[in-house]
Each structure stands twice: as structure tokens, then as C-alpha cells.
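An overview of the molecular structure
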Amino acid sequence: MEKALAAWLLLAAASPASMVSPTDVIKVAVEQVARVAEDADLGRPVAAERRRLEIRRIADNLFDFQEMARRSLARHWTERTAEQREEFVRLFTDLLERVYFGKLENYSAERTVYVGETVDGDYATVRSKILTGRKGELPIEYRLHLVGSRWVVYDVLIDGMSFVSTYRAQFNRVIQTSSYDDLVQKLRLKELENAAPERNVRKP
């Protein structure tokens, strides 16, 4: 707990002259997710909204959602209006938060090992693995870039599968076989489905 707090304070105080490493950025986020997953109070149904907000705070500090959304739409991004892009980023953010943090929370009790870091100008890669018991391991690779003086994630590879590449293929398939509007409608429905349990919990 003290280690995670110290790392967070280091991030908050970071400046271009004393930039936190890409690995430290990932470590802080992963430790914060573990604390949320292990927090008994946040695990109660009545705390669902507070838990969601805490996850959103961690995600906003870790991910460049607009860049991930742009890469996932690929050439279809340039065809969108500013309003369409804004809505797509919001829907994509909701989807990615639930998928990524859901996977990470499943392994919150396991040990994360950081294998290495590569920095090439404004881009970096952080390689890690989660030790899952019985000598099993789950490789997770983070790809980051600099936005101002901050390292933020623009893609995650879990066991070699890229989030951006996977969603790009899925989104392109829907657009090609149907339309962009159909893709957005599917994402809206998914957002509503995910939000329904939280709304039901908050009912008196």
C-alpha cells in the first residue's frame, strides 16, 4: 500500500525534467486496480457506482482513449464528424474499461512481474507477465507514447492479442457488412446492458 502511494505521488509530481518511466506508469495503475479489486467496501453491490468511478479515474490516467479509438476505426475515423468521433470515443472508452480492467481484476491476487522496457523516442513498450499459479503465466504487453510529458497507453496485448488490432478487425467487419451507424448502435446497446446492473443496484 505504501509502495503504491509513493509511486502515485511520484507520478503526480513528475515534470518533463524528471519524467516517470513507462514501467512506473503501468505499475501504479496495476497496483491501483488490485486495491480496488481487494477493497471489500467497493465490492458491495451498493458501491457499484463508486467502484465504477474509481476504475474510470485509473483508466483516464493510464489510457489515451482517443488515440486507441482512432487506431481502432482506422480509415473510417477520417470519415467521421467531430460529433461522431466524440461519441465513438465515449462508447469505446466504456467498452475498453470493462474488458481490460475486468481481465486485470480477475488476476488481482496473482503476482505481476515486469520483464522489460524499451523506449524509442516518443514510443515505449513495457513487457510484463502475470504468474497464475502452477507455473502458468499470462503475458501482457503495454504500448505507450508521450502526450506532453506523460506516458500513456495506446494499445495492450494480452497473450499476444492486440486490443486495437482485434477491435479494428471487428469494427471494420461490421461497417463493411452493414454500416457505421449499425456499429454505433451495437456499442450503445452494449453500454446500456453494462449500465443496467448498476442502475438496478441503486434503486431504493
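All of the points below concern the structure found in this document.

Reading the values: rules and limits
Residues numbered from 1 in each chain as written. Predicted model: local features only at pLDDT ≥ 70, side-chain atom pairs only at ≥ 80, totals over all residues. Heavy atoms only, no water. Pairing = 2+ DSSP bridges. Helix = DSSP H or I, 4+ residues; strand = E, 2+ residues; numbered from the N terminus. Contact = heavy atoms within 4.5 Å. Axes fitted to C-alpha atoms, helices over the stretch in contact; angles between N-to-C directions. Salt bridge = Lys/Arg side-chain N within 4 Å of Asp/Glu carboxyl O. Buried < 20%, exposed > 50% of the residue type's maximum accessible area, 1.4 Å probe, protein only.

Let us look at the sheet that holds strand 4 (residues 150–158). Taken in spatial order, the five strands of this open sheet run 1-2-3-4-5, and their pairing is antiparallel. On the outer flanks of this sheet lie strand 1 (111–120) and strand 5 (161–162), each paired with one strand and no other. Where strand 3 (residues 136–147) and strand 4 come together, eight bridges link them in antiparallel fashion. Residue pairing in the sheet places Leu146 in a bridge with Trp151 of strand 4. Along the sheet face, helix 2 (residues 22–38) touches strand 1, strand 2 (123–133), strand 3 and strand 4 and points at about 150° away from the line of strand 1.

Our focus in this paragraph is the pattern of salt bridges. Once their charged atoms are close, side chains differing in charge can pair, the charge on each being opposite to the other. For the structure on display, the rule yields twelve salt bridges. In this structure, Arg71 and Glu67 form a salt bridge, with 2.8 Å as the shortest nitrogen-oxygen distance. Taken together, the residues Arg71 and Glu67, both in helix 4 (residues 65–73) and four residues apart, mark about one turn of the helix. We classify Arg71 as partly exposed; its relative accessible area is 24%. Between Glu141 and Arg143 there is a salt bridge whose closest N-O contact spans 3.1 Å.

The next subject is unusual backbone geometry. Phi at Ala74 is positive, roughly 55°, even though this residue is not glycine. Locating Ala74 in the fold gives a position in the loop between helix 4 and helix 5 (82–106). Since its relative accessible area comes to 33%, Ala74 is described here as partly exposed.

That's the geometry; what it means functionally is another story.
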